[in-house]
Amino acid sequence: MLFTSVNTGNQAWAVTFVNIIAIGLVACTSGEASGPSKDQIIGDSPAISGHTSQQRINEGELSLEEIVRRGEMLFTASFNTLDGAGRPETADIDRKNNISIINTRPRHEFPDNFNRISGPDANTCLECHTLPRMGGGGGNSTNVFVLADRLAFANFDGGPGDNNQTHTLRTVGDERNSLGMFGSGWIELLAREMTVDLKSAAEEAINEAKRTRGNVAKDLVTKGISFGRITARPDATLDFSELEGVDNDLVIRPFQQKGVIVSLREFTVKAMNSHFGIQASEQFRDGVDFDRDGYFDELTRGDVTALVLFQAILPAPGQILPDNPKARTAVKNGRELFSTVGCGVCHVPELRVNNPIFSEPSPFNPRGKLQPSDVNNPFKVDLTMAGPGPHLKREPDGSVLVPVFTDLKRHKMGSLLNNETLVQDGVPTDEWLTRKLWGFASEPPFLHHGRATLISEAILAHGGEAQISRDRFNGLTDKQKDSVVEFLKTLQILPGEADTTTKLEKHHTGTNAGFMVIIGGLAWLILLMLTCGIIVILRRR
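Note that this is a predicted model, so its numbers are computed, not measured.

1. Structural notes on the overall build of the chain
Scanning the chain from N- to C-terminus turns up 12 helices and 15 strands. The buried share of the chain, taken over its 541 residues, is 51%. For the chain, the proportion of contacts with a sequence separation of at least 24, taken over those separated by at least 6, is 71%. Carbon and sulfur atoms form 54% of the exposed surface of the chain, whose accessible area is close to 25600 Å².

2. Re unusual backbone geometry
Here the residue pair L131 and P132 is connected by a cis peptide bond, since its omega of -5° sits within 30 degrees of zero. Along the chain, P132 falls in the loop between β2 (99–104) and β3 (144–146). Cis geometry marks the peptide bond from E360 to P361, where omega comes out at 15°. Of note in the backbone geometry, N163 takes a positive phi value of approximately 55° without being a glycine. Checked against the element boundaries, N163 lands in the loop between β3 and β4 (174–176). Given a relative accessible area of 33%, N163 falls into the partly exposed group.

3. As for the packing of aromatic side chains
Per the stated rule, a full pass over the model turns up seven aromatic pairs. The interplanar angle of 50° and the centroid separation of 5.3 Å between the aromatic rings of F79 and F276 together place this pair among those described as tilted. You can see F79 sitting in the loop between α3 (64–76) and β1 (90–96) and its partner F276 sitting in helix α5 (residues 264–276), a full 197 residues away along the chain. Exposure remark for F79: the relative accessible area of 3% places this residue in the buried category. Across from the ring centre of F358, 4.7 Å away, lies the NZ or CZ of R192, which sits over that ring.

4. Things to note about the nonpolar core
By size, the foremost hydrophobic cluster in this structure holds 70 residues, and its most contacted members are F79, W186 and V402. Those elements that place two or more of their residues in this core are α3, α4 (184–212), β6 (225–232), α5, α7 (301–312), β9 (351–353), β11 (379–382) and β12 (400–402). Looking at this core element by element, the count peaks at nine residues for α4. Setting aside residues no more than four positions away along its own chain, W186 makes contact with A316, V353, P356, L383, T384, L392, V400, V402 and W438.

5. Considering the environment of D293
Structurally, D293 is set in the loop between α6 (281–284) and α7. Put simply, D293 and A85 are 208 residues apart on the chain and 8.2 Å apart in space, counted from C-alpha to C-alpha. Not counting residues up to four positions away in its chain, the partners in contact with D293 are G84, A85, G86, P88, R107, G277 and E298.

6. Some thoughts on the pairing of β6
A large share of β6 lies buried, amounting to six of its eight residues. Summarising the sheet, strand β5 (residues 216–222) and β6 pair through six bridges and their orientation is antiparallel. In the strand pairing of β6, V216 is matched with A232. Where β5 folds back onto β6 in an antiparallel hairpin, the turn is made up of two residues, including K223, whose phi is positive at roughly 55°. Alignment of β6 against strand β7 (residues 238–239), held across two bridges, turns out to be antiparallel.

7. Considerations on the packing of α3 against α7
Viewed as axis vectors pointing N to C, α3 and α7 meet at an angle of 95°, and their least axial separation amounts to 7 Å. Between α3 and α7, the angle is such that the two are roughly perpendicular. Residue-level inspection shows L64, I67, V68, R70, G71, E72, L74 and F75 of α3 in contact with α7, the latter providing D303, A306, L307, L309, F310 and Q311. The class makeup of the residues in the contact of α3 with α7 is nine nonpolar, two polar and three charged.

8. Some points on the pattern of salt bridges
Under the counting rule described, the total for this entry stands at 26 salt bridges. In this structure, the salt-bridge partner of R451 is E175, at a minimum N-O distance of 2.8 Å. Remark: E175 occurs in strand β4 and R451 occurs in the loop between β14 (431–433) and α9 (455–460); sequence separation between them is 276 residues. For R451, a relative accessible area of 47% gives the class partly exposed. Two residues, D430 and K412, come together in a salt bridge whose shortest N-O distance is 3.4 Å. Remark: K412 occurs in strand β13 (residues 410–412) and D430 occurs in the loop between β13 and β14; sequence separation between them is 18 residues.

9. What about the environment of L392?
With respect to the secondary-structure elements, L392 resides in the loop between β11 and β12. Along the chain, L392 and P403 lie 11 residues apart, while their C-alpha atoms are 9.2 Å from each other. Not counting chain neighbours up to four residues away, the residues in contact with L392 comprise W186, A316, T384, V400, L401, V402 and P403.

10. Looking at the side chain of T490
By the secondary structure assignment, T490 is in the loop between α11 (478–488) and β15 (491–492). The exposure class assigned to T490 is buried, which follows from its relative accessible area of 2%. Polar side-chain contacts of T490 include one of 2.6 Å to the backbone oxygen of F487. Setting aside residues no more than four positions away along its own chain, T490 makes contact with G318, Q319, I320, L321, P322 and V331.

11. Examining the sheet that holds β6
With antiparallel pairing, the three strands of this open sheet are ordered in space as β5-β6-β7. Since the sheet does not close on itself, it has two edges, and those belong to β5 and β7, each with one partner. This element, α4, spans β5, β6 and β7 of the sheet and lies at about 165° to β5.

12. Notes on the environment of Q54
Relative to the elements of secondary structure, Q54 occurs in helix α2 (residues 54–58). On the accessibility criterion, Q54 (10% relative accessible area) is buried. Placed 250 residues apart in sequence, Q54 and V304 show a C-alpha to C-alpha distance of 8.9 Å. Setting aside residues no more than four positions away along its own chain, Q54 makes contact with R265, R301, G302, T305, L370 and V375.

13. Notes on the state of the cysteines
Tallied over the full model, the rule gives zero disulfides. Lacking any disulfide linkage, C125 is separated from the closest cysteine sulfur, that of C128, by 8.7 Å. Here C346 is not disulfide-linked; the sulfur of C343 is the nearest cysteine sulfur, at 9.2 Å.

Basis of the calculations
The residue numbering used here restarts from 1 in each chain and proceeds along that chain's sequence as written. For this predicted model, a pLDDT threshold of at least 70 governs which residues receive local features, and a threshold of 80 or more governs which side-chain atom pairs are given and counted, while totals over whole chains, interfaces and linings are taken from all residues. For side-chain calculations, the full set of non-hydrogen atoms in the structure is used, while hydrogens and water are omitted. Each helix is a run of H or I in the DSSP string that is no shorter than four residues. Each strand is a run of E no shorter than two, and both are numbered from the N terminus. Working definition: with a 1.4 Å probe on protein chains only, accessible area under 20% of the residue-type maximum means buried, over 50% means exposed, and in between means partly exposed. When checking whether two residues touch, look at their non-hydrogen atoms; a contact exists if any pair is within 4.5 Å. Surface exposure here means Shrake-Rupley accessible area, sampled with a 1.4 Å probe, where a residue is shielded only by the protein chains that are shown. To pair, rings of Phe, Tyr and Trp, with the six-membered ring standing in for Trp, must have centres within 6.5 Å; the planes then decide the type, stacked if under 30 degrees apart, edge-to-face if over 60, and tilted in the middle. The criterion is that NZ of a Lys, or CZ of an Arg, lies within 6 Å of the ring centre and within 35 degrees of the ring normal, and then a charge sits over that ring. What is meant by a nonpolar core is a set of buried Ala, Val, Leu, Ile, Met, Phe, Trp, Tyr and Cys residues, joined one to another through side-chain atoms within 4.5 Å. By definition, two strands form a pair when at least two bridges between them are found by DSSP. Note on method: axes are straight lines fitted to C-alpha atoms, helices fitted across the in-contact stretch only, with angles between N-to-C directions ranging 0 to 180 degrees. Each angle gets one of four labels, with under 35 degrees taken as roughly parallel, over 145 as roughly antiparallel, 65 to 115 as roughly perpendicular, and the rest as oblique. For this classification, the nonpolar set comprises Ala, Val, Leu, Ile, Met, Phe, Trp, Tyr, Cys and Pro, the charged set comprises Asp, Glu, Lys and Arg, and every other residue, Gly included, is treated as polar. One side-chain nitrogen of Lys or Arg within 4 Å of one carboxyl oxygen of Asp or Glu is enough to make a salt bridge. The term polar contact refers here to a pair of N or O atoms within 3.5 Å; inside protein, the definition further demands a hydrogen-donor-capable atom paired with an acceptor-capable atom, and it admits residues adjacent in sequence only when both atoms are side-chain atoms. Note on terminology: pairs of cysteine sulfur atoms within 2.5 Å are recorded as disulfides.

This is the structure we're talking about:
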């Protein structure tokens, strides 16, 4: 008994009842204050205090808020040795014919466990994705060297670390600026729907060719974007010679500047290994210490799902108009000129998502990444409601117009932007995926390598398929050019909380724990006074 009991039956019952309530309250408040019961780690500890179970996600035991909170913790974590950071005997993952090939390398340990060129080259996602806040892009100091991680240890001495090859800063890797992840869930949804459209068109052409026993040409158009045409033969083969801006498998890959990554999941698994040496079980197999750093299952399937959903619900960028009336007039004129000179042909202002429900995993994930068949219940999120917003709104038919300013298609961009020497996944060095302009003004510098510090510089660097539009822009008056730039400056990442983009309740933090202790103490005091009052009343009876 917590309180002294009295001899009468009523009094004993009353005190017992109050004590039962008190015991329950103490159990609840102590649990909330301390969080899950586990020993405090003294000394060095891993950044990842616990992993997320994909099975619990599949069975609906974790809410979206819980999953995204775990994803945010991983996104902001500074990985260390105890997490399995570093990949002593593993280089990066290549994709050949949609099959991931894992490269090995001679062992590299402290102090050669990091390499700014060939990686691992970072400790946390926040090093590159922080402009204008968490989840955004990065400046030139955080540029990455794509394909340099094929090397054992870039050293520019022609030795084993350089794979016994001679390299320069231009040839060791393709230097790229880090892009922001805001609105990336919408980007993946657009790519999925466009892929379905293209594949359906190809299937229709094949069926028609079989039926007519003759060749059938089919234009490939999805969401108003033309990807050229294919010709189907009666033997069910396809002629891709007139295909434009997409691989022969007709899969739209909307991530990275070359358009070579199909999903947030593929991006996440690849980046975690390349930049941190954190290896995902779904890629490197369960219970296998592939890089021989002494750790395995460094990133579970549930961990990857949490990271994917955290990125998927990052708010969509939008437009922020200036307060100054003169500037607003310039923005209005600039938008009209943006279309007049032809910028909007590739930087399509809006693309329609038919179904805003984001499901994870993607049906187009490559092998070595979680597949829909691996889960009994893909996790689904309505992007018009999830996260803090501001949210894109549904049209009357349930679809959503997404203001992305891209066509998710590759284009030849001319000599000035043909600066790379290494070919990534078969994409010609002069071809680039149309930059998504939503939010780009919040993430300077500009272009794939970050060499343009002004928006006008980025425009004038265009060539190739964009040469005519570039020349039209250059032929405008200075005032008109300024208006176009002023319009583009309004395409920003919308303001949000400085420390988080999810606005999710933080459970089991030190602040909450202290608060719960105070509440528990007050509850005890109230219960004590209540008990004394009941005893006094019963005695008077």
